[in-house]
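Listed below are the residues making up each chain.
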Amino acid sequence: AVTDFYDNDYPSIFKAFHEKYGGRTFEIISDEPSMWNQSETFRHYGFQRLYDYDDIDPAHQSGWITRDRFLTDFTAGHLKEIRTPFAGMAVTISLQTPYRATITGYPEIDSAHIDPQSIHYLKVCRMDETYICKMLDTLKRRGILDQTVVVITGDHHAHSLFDNVRPPEIAG
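Analysis parameters
- Residues numbered from 1 in each chain as written.
- Predicted model: local features only at pLDDT ≥ 70, side-chain atom pairs only at ≥ 80, totals over all residues.
- Heavy atoms only, no water.
- Helix = DSSP H or I, 4+ residues; strand = E, 2+ residues; numbered from the N terminus.
- Buried < 20%, exposed > 50% of the residue type's maximum accessible area, 1.4 Å probe, protein only.
- Contact = heavy atoms within 4.5 Å.
- Areas by Shrake-Rupley, 256 points an atom, 1.4 Å probe, with all protein chains shown as cover.
- Pairing = 2+ DSSP bridges.
- Axes fitted to C-alpha atoms, helices over the stretch in contact; angles between N-to-C directions.
- Core = buried A, V, L, I, M, F, W, Y, C linked by side-chain atoms within 4.5 Å.
- pLDDT = per-residue confidence, 0-100.
- Salt bridge = Lys/Arg side-chain N within 4 Å of Asp/Glu carboxyl O.
- Polar contact = N/O pair within 3.5 Å; in protein donor to acceptor, adjacent residues only side chain to side chain.
- Parallel < 35°, antiparallel > 145°, perpendicular 65-115°, else oblique.

Participant: Give me the overall build of the protein chain: which residues, what numbers.
Facilitator: For the protein chain, the helix and strand inventory stands at six helices and three strands. For the protein chain, the N- to C-terminal ordering of α and β elements is α-β-α-β-α-α-β-α-α. For the protein chain, the residues scored as buried account for 35% of the 172 residues in total. Long-range contacts, defined as pairs at least 24 residues apart, comprise 61% of the intrachain contacts of the protein chain with a sequence gap of at least 6. With the model as given, the accessible surface of the protein chain reaches about 10500 Å², and the carbon-plus-sulfur share is 54%.

Following this line, the structure appears as C-alpha cells:
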C-alpha cells in the first residue's frame with residue numbers, strides 16, 4: 001500500500017533508465033500530489049520530478065475530463081522542451097469510475113444501443129486515444145519517435161461496467 005510502504009525503494013524501469021543513461025525521469029499526474037501518496041512515493045519509483053495538478057492546471061478550473069486534456073497539453077509541451085534522454089509517465093484520471101461526466105461529440109457512440117454509463121466509458125476511451133495520438137505526434141515532430149519506447153498500460157478493466165457480461169473469474 002502506498003501509505004504503509006511509501007518509503008521503500010522499488011525496482012522500476014525509470015530507476016534503471018536513469019542509472020544506465022543518466023537521463024531525466026518524471027511522472028505527470030492530473031490530480032493532487034497526495035493522490036496515491038505520489039508526493040512521497042514518486043522518488044522511490046525512480047522519478048526525479050513529479051508534475052501534478054498545480055503544474056497542469058494552476059487555476060484549478062477543471063473536472064476529471066478536462067484535467068486529462070490539460071495533462072496532454074502539458075505533457076506535449078514538456079516533450080517539446082526535453083533535450084536529454086528521458087523516461088516519463090503520464091497518468092490520466094478520466095477512466096476512473098464513475099463514468100458520468102457529459103462528453104459531447106462522438107455521434108457514432110451516441111447512436112449505440114447501450115446503457116449511458118457504457119456510452120460515456122467508450123467516449124472517454126476515444127478521447128484518450130486522441131490524447132495518445134497527440135503525444136505520438138509530438139515525438140514524431142521532434143524526430144525521436146523511432147528512438148522512443150512508448151508503453152500504454154491500464155490498471156482498470158472497466159470496473160463495474162461490464163461485470164454482468166464478463167465471466168465471473170474476470171469480473172471485478
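Back to the text.
Participant: An account of the sheet that holds strand 2 (residues 49–51) is needed here, citing residue identities and associated values.
Facilitator: Reading across from one edge, 2-1-3 is the order of the three strands in this open sheet, with parallel pairing throughout. Lying at the two open borders of the sheet, with one neighbouring strand each, are strand 2 and strand 3 (86–91). On average, adjacent strands in this sheet sit at an angle of 15 degrees to one another, irrespective of strand direction. The pairing of strand 1 (residues 24–29) with strand 3 spans six bridges and is classified as parallel. Bridge pairing in strand 3 links Arg 24 to Phe 86. Where helix 1 (residues 13–21) meets the sheet, it contacts strand 1 and strand 3, and its direction lies at approximately 160 degrees from that of strand 3.

Participant: I'd like to hear about the nonpolar core, residue by residue, with values.
Facilitator: In summary, soluble globular proteins display a tendency toward joint burial of nonpolar side chains. The biggest cluster of nonpolar side chains holds 13 residues, and the ones touching the most others in it are Phe 26, Ile 28, Ile 56, Leu 79, Phe 86 and Leu 139. Secondary structure elements with two or more residues in this core: strand 1, helix 4 (64–81) and helix 6 (116–142). The leading source of residues in this core is helix 4, at four residues. Among residues more than four places away in sequence, those in contact with Phe 26 are Phe 47, Arg 49, Tyr 51, His 78, Leu 79, Ile 82, Phe 86, Ala 87, Gly 88 and Met 89. The next biggest cluster of nonpolar side chains, apart from the first, holds seven residues, and it includes Phe 17, Phe 42, Phe 47 and Ala 87.

Participant: Quick one: what's the story with the confidence of the model for the protein chain, residue by residue and with numbers?
Facilitator: Confidence in the prediction of the protein chain, expressed as mean pLDDT, is 83, and 85% of residues score 70 or more. Of all the helices and strands in the protein chain, helix 4 carries the lowest mean pLDDT, 88, while strand 2 carries the highest, 96.

Participant: An account of the pattern of salt bridges is requested, with residue identities and associated values reported.
Facilitator: Scanning the entire structure with this criterion turns up seven salt bridges. As a salt-bridge pair, Arg 49 and Asp 55 come within 4.0 Å of each other at their nearest N and O atoms. Residue Arg 49 is classed as partly exposed on the basis of its relative accessible area, which comes to 35%. With a shortest N-O distance of 2.4 Å, Lys 134 and Asp 73 are connected by a salt bridge. With Lys 134 in helix 6 and Asp 73 in helix 4, this pair connects stretches of sequence that are 61 residues apart. You can call Lys 134 partly exposed: its relative accessible area is 35%. Several salt bridges share partner residues, and in doing so they unite Glu 108, Arg 126 and Glu 129 into one network.

Participant: Help me get a handle on the side chain of Thr 25, residues and values and all.
Facilitator: Tracing the sequence through the fold places Thr 25 in strand 1. Of note is the side chain of Thr 25, whose polar atom sits 2.8 Å from the backbone oxygen of Gly 46. The residues contacting Thr 25, other than those within four sequence positions of it, are Phe 14, Phe 17, His 18, Gly 46, Phe 47, Gln 48, Arg 49 and Ala 87.

Participant: Tell me what's going on with the packing of helix 4 against helix 6, and back it up with residues and numbers.
Facilitator: Interhelical geometry of helix 4 versus helix 6 gives an angle of 10 degrees and a closest axis separation of 9 Å. It follows from the interaxial angle that helix 4 and helix 6 lie roughly parallel. Between helix 4, through Ile 65, Asp 68, Arg 69, Thr 72, Asp 73, Thr 75, Ala 76, Leu 79 and Lys 80, and helix 6, the contact on the second element is made entirely by His 120, Val 124, Met 127, Asp 128, Tyr 131, Lys 134, Met 135, Thr 138, Leu 139, Arg 141 and Arg 142.

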